[in-house]
Amino acid sequence: MKKIFIIFLVFGVFSCKQNTESNKKEKTGNYSGIIEYGNFSDKILLEIEIDSIDFKVFFTSLEQNANRIPFQNVEVSDDSINFKLQSDFYTYSFKNKWIDNYSKLQGSLTVDTITTLYTLEKEFLDNSNTPKSEEISFKSNGLRINGTIWYPNNNNKGKALVIVTSSGGQDRSASRAEAILLAQKGFTTFHYDKRGTGNSEGDWNTATIEEYITDDVTAIEYFSEKTGIPLKKIGIKGSSQGAIKIPSILNELENLNYGIIVSCPGVTLLESDLNYWRNRNAKLLGNHLDDATLLQRKVFEFMAGKISRADLEKAINSKKSASWFANIWAPNLDEVQPDKRLLYTPIPYFEKTRQPILIMQGKMDEIIPVNSYLLITDAIKKSGNDNYKTVLLEGASHSMSNIGGSDFPYWFKLHPDYLTTIENWINTVSNTKE
């Protein structure tokens with residue numbers, strides 16, 4: 001009898017362990033659905049995984065340009081799982097319970113003083129619209145550059161788009177959501193880590209705009225060779241500092257089909273930075289804005305190597321007693337290395353561009369001057385090129401986020417007309433080369 005009891009005890013422990021492991025596995029998976037609050041709605045995906053120790057949860061909202069963002073403070077207790085996201089301004093607290101045999105996740109999202117409820121359903125994988133990806137690497141200027149090609153499931157080699165790199169130390173993750181969304185629309189897309197970012201070699205901070213452009217040209221040629229898609233069927237797209245490179249690349253690769261420029265300054269990067277500073281300080285400085293701008297300009301000119309440190313320090317000392325002086329931004333002057341990129345303007349290159357161009361600018365863009373699109377179109381006209389289109393998006397920011405009048409102003413999605421405008425324009429480009 002004693003032996004039988006021991007056997008049942010061992011079996012019970014083993015069975016309990018099996019059930020626990022099975023239970024954990026049932027809790028994992030992809031849960032998707034809609035979060036709504038007032039006039040705001042967004043499709044989100046929560047990926048729940050488990051390693052040998054803990055549960056891990058990742059957040060995806062392609063329209064927020066968020067792809068597999070890891071949650072913090074993941075806590076699991078029985079059938080509840082809670083976690084948080086932290087931004088520069090807000091904490092996003094998610095509280096959830098598994099229901100209906102772990103087929104659904106019922107939860108709430110609290111941000112600031114607002115709480116909204118949602119129910120997400122477990123996805124049973126359907127790859128019908130999931131782009132396939134390929135990690136690649138190539139050499140440019142002796143540096144190893146890494147990127148990703150996204151292939152649409154329709155295997156359509158008639159539409160291909162290269163997303164060129166943008167400003168700062170951002171790697172390809174900044175354009176991943178957009179690359180995936182465009183691949184879902186039937187484009188073969190390509191994006192890559194700028195030199196010195198992500199997995200690419202080099203130093204982005206010391207590279208010139210011209211060196212960036214050389215990398216972009218090499219990347220586009222490599223993409224064409226790798227996929228077998230000719231240049232005449234490939235378009236290029238850039239945003240902000242990425243956009244200023246577009247006309248130069250089009251001039252370098254004349255067989256490229258078209259260019260798309262988004263939030264492109266029609267002035268130097270220095271003037272664009274100064275314009276952003278003015279917009280951020282206009283209300284605060286009031287009638288003193290113009291005087292303060294003169295000094296802020298000298299700071300940027302020193303950073304660009306246009307004036308000496310002695311000239312800047314003389315200007316600073318003469319204005320230290322001004323009531324607005326505390327609003328002047330300046331880096332540590334001992335650490336400044338002249339950055340000639342600030343003096344770069346795309347205008348001379350637009351004056352030589354012959355391919356079709358789509359110009360997109362947000363009406364709520366605080367960074368580039370509001371007349372940028374006019375300066376760009378005037379330059380394009382000088383080349384004799386009349387195959388261009390300008391689109392001004394109401395409520396769109398510099399990043400093409402829709403920031404106009406949301407009832408849930410804690411995260412922003414892409415403007416609803418942004419990708420649709422790009423897709424429709426590409427389909428109607430009049431001089432597509434065959």
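Conventions used here
Residues numbered from 1 in each chain as written. Predicted model: local features only at pLDDT ≥ 70, side-chain atom pairs only at ≥ 80, totals over all residues. Heavy atoms only, no water. Helix = DSSP H or I, 4+ residues; strand = E, 2+ residues; numbered from the N terminus. Buried < 20%, exposed > 50% of the residue type's maximum accessible area, 1.4 Å probe, protein only. Contact = heavy atoms within 4.5 Å. Areas by Shrake-Rupley, 256 points an atom, 1.4 Å probe, with all protein chains shown as cover. Lys, Arg positive; Asp, Glu negative; His and termini not counted. Charge placed at Lys NZ, Arg CZ, Asp CG, Glu CD. Pairing = 2+ DSSP bridges. Axes fitted to C-alpha atoms, helices over the stretch in contact; angles between N-to-C directions. Right-handed = clockwise from strand over helix to strand, strands pointing away. Phe/Tyr/Trp six-rings, centres within 6.5 Å; stacked < 30°, edge-to-face > 60°. Lys NZ or Arg CZ within 6 Å of the ring centre and 35° of its normal. Salt bridge = Lys/Arg side-chain N within 4 Å of Asp/Glu carboxyl O. Core = buried A, V, L, I, M, F, W, Y, C linked by side-chain atoms within 4.5 Å. Left-handed = near helix turned anticlockwise from the far one by under 90°. Nonpolar A, V, L, I, M, F, W, Y, C, P; charged D, E, K, R; others polar. Polar contact = N/O pair within 3.5 Å; in protein donor to acceptor, adjacent residues only side chain to side chain. Expected span 1.5 Å × (residues − 1).

Peer 1: Describe the overall build of the protein, naming the residues involved and giving the relevant values.
Peer 2: A count of helical and extended segments in the protein gives 10 helices and 17 strands. Evaluated residue by residue, the protein yields a buried proportion of 47% over its 434 residues. Here the analysis covers contacts within the protein between residues at least 6 apart in sequence; of these, 61% occur between residues at least 24 apart. Total accessible area on the protein stands at roughly 22100 Å², and carbon and sulfur atoms take up 49% of it. Across the protein, the mean location of the 49 positive side-chain charges is 2 Å away from that of the 53 negative side-chain charges.

Peer 1: How would you sum up the sheet that holds strand β16 (residues 357-362)? Please name residues and give values.
Peer 2: Pairing between the strands of a sheet comes from backbone hydrogen bonds, and it takes one of two forms, parallel or antiparallel. If you walk across this open sheet you meet the eight strands as β10-β11-β13-β12-β14-β15-β16-β17, and the pairing is mixed. For this open sheet the edge positions go to β10 (132-140) and β17 (388-393), each flanked by a neighbour on one side alone. Within the sheet, the average angular offset between the axes of one strand and its neighbour, ignoring direction, is 20 degrees. Most of the contacts of helix α3 (residues 209-227) go to β10, to which it runs at about 130 degrees, and overall it touches β10, β11 (143-151), β12 (160-163), β13 (188-192) and β14 (234-239).

Peer 1: Before we move on, can you summarise the sheet that holds strand β8 (residues 104-111) with the specific residues and values?
Peer 2: Taken in spatial order, the nine strands make up an open sheet running β4-β3-β2-β1-β9-β8-β7-β6-β5, and their pairing is antiparallel. Strands at the two margins of the open sheet, each flanked by one partner only, are β4 (66-70) and β5 (72-77). Direction aside, neighbouring strands of the sheet carry axes that sit 20 degrees apart on average. Alignment of strand β2 (residues 40-50) against strand β3 (residues 55-61), held across six bridges, turns out to be antiparallel. Of the residues in β3, the one forming a bridge with Glu-49 is Lys-56.

Peer 1: Before we move on, can you summarise the pairing of β17 with the specific residues and values?
Peer 2: Direction of pairing for β16 relative to β17: parallel, over a ladder of six bridges. When the bridges of β17 are listed, Ile-359 appears paired with Thr-390. You can see the chain leave β16, run along helix α9 (residues 372-382) and come back into β17, and the turn it takes is right-handed.

Peer 1: Can you tell me about the packing of aromatic side chains, naming the residues and giving the values?
Peer 2: The geometry of two aromatic rings is summed up by the distance between their centres and the angle between their planes. Enumeration over the complete set of coordinates arrives at 24 aromatic pairs. Ring centres of Tyr-90 and Tyr-410 lie 4.9 Å apart, and the angle between their planes is 85 degrees; this geometry places the pair in the edge-to-face category. Of this pair, Tyr-90 sits in the loop between β6 (80-86) and β7 (91-99) while Tyr-410 sits in the loop between β17 and α10 (418-428), and the two are 320 residues apart along the sequence. Look at Tyr-410 and you get buried, because its relative accessible area is 10%. Ring geometry for Phe-408 and Trp-411: centres 5.6 Å apart, planes at 75 degrees, overall edge-to-face. The ring of Phe-187 has Lys-159 lying over it, and the distance from NZ or CZ to the ring centre is 4.5 Å. Over the face of the ring belonging to Tyr-212 we find Lys-194, whose NZ or CZ atom lies 4.9 Å from the ring centre.

Peer 1: Describe in detail α10, supporting the description with residues and values.
Peer 2: When α10 is considered as a whole, its buried residues turn out to be Tyr-418, Leu-419, Thr-421, Ile-422, Glu-423, Trp-425 and Ile-426. For α10, the secondary structure elements touched by its buried residues are α2 (173-184), β14, β15 (258-262), β16 and β17.

Peer 1: Outline the pattern of salt bridges, supporting the account with residue identities and numerical values.
Peer 2: If you walk through the whole model with that rule in mind, you get 21 salt bridges. Put simply, Glu-178 and Lys-237 hold a salt bridge, and the shortest N to O gap is 2.6 Å. Taken together, the residues span a long stretch of sequence, with Glu-178 in helix α2 and Lys-237 in strand β14 at a distance of 59 residues. The partner of Lys-185 in a salt bridge is Glu-423, and the shortest N-O contact between them spans 3.4 Å. Of this pair, Lys-185 sits in the loop between α2 and β13 while Glu-423 is found in helix α10, placing the two residues 238 residues apart along the sequence. One network of salt bridges, in which partners are shared, links Glu-47, Glu-49 and Arg-68.

Peer 1: So what's going on with the side chain of Glu-301? Residues and values would help.
Peer 2: Secondary-structure assignment places Glu-301 in helix α6 (residues 289-303). Although Glu-301 is buried, it forms no salt bridge, and the closest oppositely charged side chain is Lys-306 at an N-O distance of 4.2 Å. Discounting residues that sit within four places of it in the chain, Glu-301 has contacts with Leu-270, Lys-306 and Ile-307.

Peer 1: Provide a residue-level description of the nonpolar core, including the pertinent values.
Peer 2: Counting 61 residues, the largest nonpolar core has Phe-190, Ile-249, Leu-256 and Ile-261 as the members making the most contacts within it. Ignoring any residue separated from it by four or fewer positions in sequence, one finds Ile-249 in contact with Val-164, Ile-213, Asp-216, Val-217, Ile-220, Ile-236 and Leu-256.

Peer 1: Explain the packing of helix α5 (residues 269-285) against α6 residue by residue, including any values.
Peer 2: Relative orientation of the contacting elements α5 and α6 amounts to 150 degrees, with a least axis distance of 10 Å. Note on packing geometry: the crossing formed by α5 with α6 is right-handed. Contacts between α5 and α6 involve Leu-270, Glu-271, Asp-273, Leu-274, Trp-277, Arg-278, Asn-281, Ala-282 and Leu-285 from the former and Leu-289, Asp-290, Ala-292, Thr-293, Gln-296, Arg-297, Phe-300 and Glu-301 from the latter. Tallied by class, residues from the contact of α5 with α6 come to eight nonpolar, three polar and six charged.

Peer 1: Explain the environment of Asn-82 to me, and be specific about the residues and the numbers.
Peer 2: Take Asn-82: it is sitting in strand β6. Accessibility expressed as a relative area gives 23% for Asn-82, which makes it partly exposed. Separated by 12 residues in sequence, Asn-82 and Phe-94 have C-alpha atoms that sit 5.6 Å apart. Once residues within four sequence positions are removed from consideration, Asn-82 is found in contact with Asn-73, Val-74, Glu-75, Phe-94, Lys-95 and Asn-96. Reaching out from Asn-82, the side chain makes a polar contact with the backbone nitrogen of Asn-96 at a distance of 3.2 Å.

Peer 1: Can you tell me about α6, naming the residues and giving the values?
Peer 2: For α6, spanning 15 residues, the distance from its first C-alpha to its last is 21 Å, which sits close to the expected 21 Å at 1.5 Å a residue. Close packing links the buried residues of α6 with α5 and α7 (309-319). Residue Gly-305 follows α6 closely and has a positive phi angle near 80 degrees.

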